[in-house]
Amino acid sequence: RPRVAVVALEYDRDAFSGNGILCQGLARSLAAHADVLVLCARPRGSGREDDVPVVTRGDGATTTAYVDVDTWHRLDRLGPHEQFARGCASRAIRDAVAAFGASACLGVDFSAVAAATNSGLCGGDVPFIWSPFRIFSRSDFDGHHALECDGVRRSDGVLALCASDADFVTERLGAAVRPLVVHPPLRESVLKIARARRGETRRRKYLTCVVRVSEEKEPHRFVELCEELARRGVFDSKALSPVFCANASLCQTSAYAQDLKARFQKCAPSGRVIEHFLSPEELGELFSETILNIHPPTHDAFGMTIVESAAFGAPSVVHHAGAVGASELLQTIGVDVEAPTREFADKIEEILLDARTRVVAENAHSKALEWDEASFGHAVFDFLFSHIRNP
């Protein structure tokens, strides 16, 4: 049976972004084809097993090796990637990696490259596949370009989440071979809930924005939209109510998040602020009552909540011109999110009244339920297996 190592800074301890959720799904789906070792970070003090660096799960197919880090909630160069890399050079981690005997390794984001190298999973006999779930040099070229070029240079192949990222890796990061594109799936727990609720009808009343309240996700566009809609009296009847995610942990450390939360509450006092990471059940409840989901970034490698909202019949507005990966997988409503706020608000009001919006929702709903974790894992494993020497 093949053995696959996955190196990812964020995985299953205090997951705070789509990276962690997707890594969990990746490990689950790969375990159907191979034994899996996940080498990841966790915030120090995050669980009762903190004195145990290596944990084997009950099914025996997945082993997790943890590195404790002192900062959290960031995946860019200001996050704990250097501490993660240093921890991967420890005797406990290197021994766990050596004992596992990986046939291939997949590293997530630039933060995995040094970590995989220090642990013995990159630069030796083990094929190393680099998968940038998020390409940071698209928004901070000077700060991340060299780090991400290193990921391409050290890899035996690159796996991208969308065609736009594959183009960027080829044109700007120097990949000699265009990356394989494999779209992320609807995670298993959400898929089960969505299938169980198929056919249910509820009154849809929410205008939602379910992204991390950090600069790269550009949630200020949603807050500006709500301010303009509130000025027009759109929320006065309470037939339409805005919902904004503002994670409490981020609000404690980010002035950007604090400001957006305060502005949202001021303009829409009857709206909902969600301050915790939503469970699959909570996502199902929210999106089952959502009339339109707003995904505000000008670029996103995928946008997992777009697929999750579609699974419960809620269509999403995304930036036009194929800038959001999920729009390659299912039907979305493309608009110019960079337009002046008044024009953006005009467009949203048109979409809310357009009967074709529900047609988009129905088409997206069907597609979201088709591409699951098993399909995703099979595609990723086939790519990894093609690089295994003498499989």
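Preceding block: the structure.
Residues numbered from 1 in each chain as written. Predicted model: local features only at pLDDT ≥ 70, side-chain atom pairs only at ≥ 80, totals over all residues. Heavy atoms only, no water.

Draft legend 1. Highlighting the pairing of strand β5 (residues 104–108). Most of β5 sits inside the fold, with five of its five residues counted as buried. Neither face of β5 is left uncovered, since the one carrying Ala104, Leu106 and Val108 and the one carrying Cys105 and Gly107 both have all their residues buried. Across four bridges, strand β1 (residues 3–8) lies against β5 in parallel orientation. Directly across from Val4, in β5, lies its bridge partner Ala104. Pairing between β5 and strand β6 (residues 128–131): four bridges, direction parallel. Along β6, the bridge assignment pairs Gly107 with Trp130. Where the polypeptide runs from β5 across helix α4 (residues 111–119) and back to β6, its parallel neighbour, the crossover connection is right-handed. (Buried < 20%, exposed > 50% of the residue type's maximum accessible area, 1.4 Å probe, protein only. Helix = DSSP H or I, 4+ residues; strand = E, 2+ residues; numbered from the N terminus. Pairing = 2+ DSSP bridges. Right-handed = clockwise from strand over helix to strand, strands pointing away.)

Draft legend 2. Just the packing of helix α12 (residues 304–311) against helix α15 (residues 356–368), in detail. Where α12 meets α15, the closest approach of the two axes is 7 Å, and the angle between their N-to-C directions is 105°. Regarding the angle of α12 to α15, the classification is roughly perpendicular. Contact residues: Val307, Ala310 and Ala311 in α12; Ala364, His365 and Ala368 in α15. Looking at the contact of α12 with α15 residue by residue, the class counts come to five nonpolar, one polar and no charged. (Axes fitted to C-alpha atoms, helices over the stretch in contact; angles between N-to-C directions. Parallel < 35°, antiparallel > 145°, perpendicular 65-115°, else oblique. Contact = heavy atoms within 4.5 Å. Nonpolar A, V, L, I, M, F, W, Y, C, P; charged D, E, K, R; others polar.)

Draft legend 3. Examining α12 more closely. For α12, the tally of buried residues reaches eight of eight residues, placing the bulk of the element in the interior. Taken together, the buried positions of α12 are occupied by Met304, Thr305, Ile306, Val307, Glu308, Ser309, Ala310 and Ala311. In the stretch just after α12, Gly313 is the one whose phi turns positive, near 85°.

Draft legend 4. The sheet that holds strand β13 (residues 316–319), seen in detail. Spatial strand order, β11-β10-β9-β12-β13-β14: six strands in an open sheet with parallel pairing. Because the sheet does not close on itself, it has two edges, and the strands there are β11 (272–274) and β14 (333–335). Neighbouring strand axes in the sheet, compared pairwise and without regard to direction, differ in orientation by 25° on average. The pairing of strand β9 (residues 206–209) with strand β12 (residues 290–294) spans three bridges and is parallel. Bridge pairing in β12 places Tyr206 opposite Thr290.

Draft legend 5. Spotlight on the nonpolar core. Of all hydrophobic cores here, the largest spans 37 residues; its most connected members are Val7, Leu39, Phe84 and Leu121. Looking at this core, the elements that each hand over two or more residues are β1, β2 (35–43), β4 (62–69), α3 (91–100), α4, β6 and α6 (163–171). If you tally residues by element for this core, the top one is α4, at four residues. Sequence-distant contacts of Leu121, that is, excluding residues within four places in its chain, are made with Ala5, Val7, Leu39, Val97, Ala102, Cys105, Ala116, Val126 and Phe128. (Core = buried A, V, L, I, M, F, W, Y, C linked by side-chain atoms within 4.5 Å.)

Draft legend 6. Molecular detail of the pattern of salt bridges. A complete count under the given rule lists 32 salt bridges for this structure. One salt bridge connects Asp35 with Arg3, and the closest N-O pair in it is separated by 3.9 Å. In this pair, Asp35 sits in strand β2 while Arg3 sits in strand β1, placing the two residues 32 residues apart along the sequence. Judged by relative accessible area, Asp35 falls into the buried class, the value being 18%. Measuring nitrogen to oxygen at the nearest pair gives 2.3 Å for the salt bridge that ties Arg212 to Glu216. Given a relative accessible area of 30%, Glu216 falls into the partly exposed group. The structure contains a network of salt bridges with shared partners spanning Arg197, Glu200, Arg202, Lys205, Glu285 and Glu289. (Salt bridge = Lys/Arg side-chain N within 4 Å of Asp/Glu carboxyl O.)

Draft legend 7. Fine view of the environment of Val55. Following the sequence through the fold, Val55 ends up in strand β3 (residues 54–56). Along the primary structure Val55 and Ala65 are separated by ten residues, whereas in three dimensions their C-alpha atoms are 6.3 Å apart.

Spatial relationships are all this shows, so hold off on functional conclusions.
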